[in-house]
Amino acid sequence: MGINFKELQKKMETAGDNGVSKLNMRNEEKQHKFQPKRFNHLKKEKRKKSKLCFVKEIAIPFNPKTGKEDDTYNTGSKWRPPYSVESVIKLVKSYAMENEEVKQALMQHAGISSWGVTDPDTVTDPDTVTDPDTVIDPDTVTDEDYRLFSSYLTARIFSIPAVHVTIPSMCNNAYGRDYTVDVKVDPVTGQYIGEVPLILQAHKFFIEMAYEELADYNDKLNSGVFKHDEKQQKEYRQGIFSKVPISDLAPINFIQAFEIPLNQKFELNDDKCLVTSDKAFVDKQTVLVRMNRTISDVLDKFCGGDYSAVDKYPEYFVVDMSCPNDTESPTELGKRTSYERELNTLKDMEGYDNFRAATVDYLDNFKDLEETVFRSSYVSRYDSSVDTQLLTACNSLIDLKNPFLTQKVIESNKDFLMLALGEKFDELQLEVECGISDKAEGNLDSAAAKQAAKTFDIAGQLDDALDAIGTEELTMD
């Protein structure tokens, strides 16, 4: 039989126990692993159709408070707050109202001779504004404002410089793993400055081996050993460089978008989803899209003006995504998914104004945007522990009997090979130096090898291939 409530009250008082778990062990908040905020990734599925609203942002190539370039804000480092276009326009208008030089700089860059509104509550046609001293009202965003700031609009793209690794022992899947690498690059020559990270030394080694194989293939092609047509030659050469297990450092680009599900007629799947949309709905529909050539081409058409007639939205570039109807293959879904101009415009759908207001609210109040994007990218940070993994992997991976491990390749990569092979390299190098090596001298030209790798665009192939796969599948542990 349990104690009565009076006895229980007395026990609580005498024990000085306030009812809270003393060691915080009996706490619902501790019963689940903390999961930091991550964005979902765009998924491609058979017959799937969606409307994608690629988020726009304003990027100004000078200090918006002074109207001039400085060390912080310039062409190479633009001022680009992580908020909605509408709110950033209001902010910049407040700067222009306080500083005439800012106003003039904004107008000059946009290529207009006047800007202002005589009545904050009136949408003004810029062609009718002739007085450059008309009032700028920062609390109102007019059609004229959107036209002026259109020259500063771009897609919200996040770039993470990374190396892609497909060495099985360093991955936990069939697609490889991305590592972000911190290294300075000379903007003129493209050469790395300072100490080159080990993973990039490994990339150099593998592409130089590939170059030797390429040179051997070209010799056999010229001598008639291989009788390949142009298509076969291209595929063979591509196949040589596709075996390189470590890519060069290249940006992985993601774009933020809002995804709205559509039916097979490109109508809203849920005809009330925009009407009832709020910040929570927008958060659920926010996706990261890994950029590929097709998406990049579409965005270029928007930003370059080819799609100006259908660029109707201040906050986003809108396209209809359509996945193929006859395949579930990730590779085919990636290759054949299309991104076209809208069939049914979002602006004409019931609830658009509500949806737009919800997205503006969401964009203006989202915290730690870039940190969230990085977590969501599943790109791993490169550190000394990866070096250890890499050297262990390469020790097993490098075949000393490979005919394309030539004397020139050994000499060009001796520092890396010394670390990767240890005592095995000492023997290898001694044989070369004593002239008793059975290794061919080789045809290596390091600059040509680097150019060949760019020609066959290893990183570009990866972006197109991995676009079809949920990025979170690549590196989750």
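Residues numbered from 1 in each chain as written. Predicted model: local features only at pLDDT ≥ 70, side-chain atom pairs only at ≥ 80, totals over all residues. Heavy atoms only, no water.

Draft legend 1. Summary view of the overall build of the protein chain. If you tally the helices and strands in the protein chain, you get 18 helices and 12 strands. For the protein chain, the proportion of its 477 residues judged to be buried stands at 44%. For the protein chain, restricting intrachain contacts to residue pairs at least 6 apart in sequence, the fraction spanning at least 24 positions comes to 75%. As displayed, the protein chain has an accessible area near 26000 Å², and 48% of this comes from carbon and sulfur atoms. (Helix = DSSP H or I, 4+ residues; strand = E, 2+ residues; numbered from the N terminus. Buried < 20%, exposed > 50% of the residue type's maximum accessible area, 1.4 Å probe, protein only. Contact = heavy atoms within 4.5 Å. Areas by Shrake-Rupley, 256 points an atom, 1.4 Å probe, with all protein chains shown as cover.)

Draft legend 2. Quick peek at the pattern of salt bridges. In the structure shown here, the tally under the stated rule is 19 salt bridges. Salt-bridge contacts for Lys 51 lead to Glu 342; the nearest nitrogen and oxygen are separated by 3.0 Å. Note that Lys 51 is positioned in strand β2 (residues 49–58) and Glu 342 in the loop between β11 (338–340) and α10 (352–365), a separation of 291 residues in sequence. Of the two residues, Lys 51 and Glu 342, both sit in the buried class. The partner of Glu 57 in a salt bridge is Arg 80, and the shortest N-O contact between them spans 2.9 Å. Residue Glu 57 is located in strand β2, and its partner Arg 80 is located in the loop between β2 and α2 (85–98); the two are separated by 23 residues in the primary sequence. Glu 57 gets classed as buried once you look at its relative accessible area, which sits at 7%. A residue is classified by how much of its surface remains accessible, and Arg 80, at 38% relative accessible area, is partly exposed. Taken together, the shared-partner salt bridges connect Lys 51, Asp 320 and Glu 342 into one network. (Salt bridge = Lys/Arg side-chain N within 4 Å of Asp/Glu carboxyl O.)

Draft legend 3. Inspection of the pairing of strand β5 (residues 177–180) at higher detail. Residues Arg 177 and Tyr 179 line one face of β5 and the alternating positions Asp 178 and Thr 180 line the opposite face, and both faces are buried. Pairing geometry for strand β4 (residues 157–165) and β5, over four bridges, is antiparallel. By the bridge assignment, His 164 is partnered in β5 with Asp 178. Both β5 and strand β12 (residues 380–381) contribute to a ladder of two bridges, which runs parallel. Bridge pairing in β12 places Thr 180 opposite Arg 381. (Pairing = 2+ DSSP bridges.)

Draft legend 4. Representation of unusual backbone geometry within the structure. Its identity is not glycine, yet Asp 368 carries a phi of approximately 55 degrees, on the positive side. Position of Asp 368 among the secondary structure elements: in the loop between α10 and α11 (369–377). Despite not being glycine, Tyr 378 has its phi angle at roughly 60 degrees, a positive value. With respect to the helices and strands, the residue Tyr 378 is situated in the loop between α11 and β12. Judged by its relative accessible area of 17%, Tyr 378 is buried.

Draft legend 5. Local environment of helix α5 (residues 198–223). A rise of 1.5 Å per residue sets the reference length of α5, with its 26 residues, at 38 Å; its end C-alpha atoms lie 38 Å apart and thus fit the reference within 8%. In the segment just after α5, Gly 224 is the residue with positive phi, at about 90 degrees. (Expected span 1.5 Å × (residues − 1).)

Draft legend 6. Quick peek at the side chain of Asn 74. The residue Asn 74 is located in the loop between β2 and α2 in this model. Only 3.4 Å separates the side chain of Asn 74 from the backbone oxygen of Asp 71, close enough to count as a polar contact. (Polar contact = N/O pair within 3.5 Å; in protein donor to acceptor, adjacent residues only side chain to side chain.)

Draft legend 7. Highlighting the nonpolar core. Counting 45 residues, the largest nonpolar core has Ile 199, Phe 205, Phe 241, Ile 246, Leu 390, Ile 398 and Phe 416 as its most contacted members. Of all elements in the fold, only β4, α5, α6 (230–242), α12 (384–397), α13 (407–412), α14 (414–421), α15 (423–433) and α16 (446–455) reach the threshold of two or more residues within this core. Per-element accounting of this core gives the leading share, 13 residues, to α5. The contact partners of Phe 205, leaving out residues within four places of it in the chain, are Ile 398, Leu 405, Val 409, Asn 413, Phe 416 and Leu 417. If you look at the next biggest cluster of nonpolar residues, it comprises 33 residues, including Cys 53, Ile 252, Leu 363 and Val 373. (Core = buried A, V, L, I, M, F, W, Y, C linked by side-chain atoms within 4.5 Å.)

Draft legend 8. Spotlight on the packing of α12 against α14. Running from amino to carboxyl end, α12 crosses α14 at an angle of 90 degrees, the nearest separation of the two axes being 8 Å. Judged by the angle between their axes, α12 and α14 are roughly perpendicular. Counting all contacts with α12, which are made through Leu 391, Cys 394 and Asn 395, the residues of α14 involved are Phe 416, Leu 419, Ala 420 and Leu 421. In the contact of α12 with α14, the residues fall into six nonpolar, one polar and no charged. (Axes fitted to C-alpha atoms, helices over the stretch in contact; angles between N-to-C directions. Parallel < 35°, antiparallel > 145°, perpendicular 65-115°, else oblique. Nonpolar A, V, L, I, M, F, W, Y, C, P; charged D, E, K, R; others polar.)

Draft legend 9. The environment of Leu 52, seen in detail. Tracing the chain through its elements places Leu 52 in strand β2. As a C-alpha pair, Leu 52 and Glu 342 span 290 residues in sequence and 9.7 Å in three-dimensional space. Beyond its immediate stretch of four places on either side in the chain, Leu 52 contacts Leu 42, Phe 258, Glu 259, Phe 317, Val 318, Val 319, Met 321 and Tyr 339.

Draft legend 10. Focus on the pairing of β2. Most of β2 is tucked away, with 10 of its 10 residues classed as buried. Burial of the side chains of β2 extends over both faces: Lys 49, Lys 51, Cys 53, Val 55 and Glu 57 are buried on one face and Ser 50, Leu 52, Phe 54, Lys 56 and Ile 58 on the other. In this structure, β2 lies alongside strand β8 (residues 250–262), joined through six bridges in antiparallel fashion. Bridge assignment links Lys 51 to a residue of β8, and that residue is Ile 260.

Draft legend 11. Quick peek at the packing of α5 against α6. The N-to-C vectors of α5 and α6 enclose an angle of 155 degrees; their axes lie 9 Å apart at closest approach. Taken together, α5 and α6 sit at an angle that is classed as roughly antiparallel. In terms of crossing hand, the pair formed by α5 and α6 is right-handed. Side by side, α5 and α6 meet where Ile 207, Ala 210, Tyr 211, Glu 213, Leu 214, Tyr 217, Asn 218 and Leu 221 of the first sit next to Gln 232, Gln 233, Tyr 236, Arg 237, Ile 240 and Phe 241 of the second. Along the lines of polarity and charge, the residues of the contact of α5 with α6 split into nine nonpolar, three polar and two charged. (Left-handed = near helix turned anticlockwise from the far one by under 90°.)

Draft legend 12. Structural view of the packing of aromatic side chains. Taken as a whole, this structure holds 20 aromatic pairs when the rule is applied. Considering the side-chain rings of Phe 241 and Phe 456, the 5.1 Å spacing of their centres and the 20 degrees angle between planes classify their relative orientation as stacked. In this pair, Phe 241 is assigned in helix α6 and Phe 456 in the loop between α16 and α17 (458–466), connecting sequence segments 215 residues apart. Comparing Phe 241 with Phe 456, the two get one shared label, buried. (Phe/Tyr/Trp six-rings, centres within 6.5 Å; stacked < 30°, edge-to-face > 60°.)

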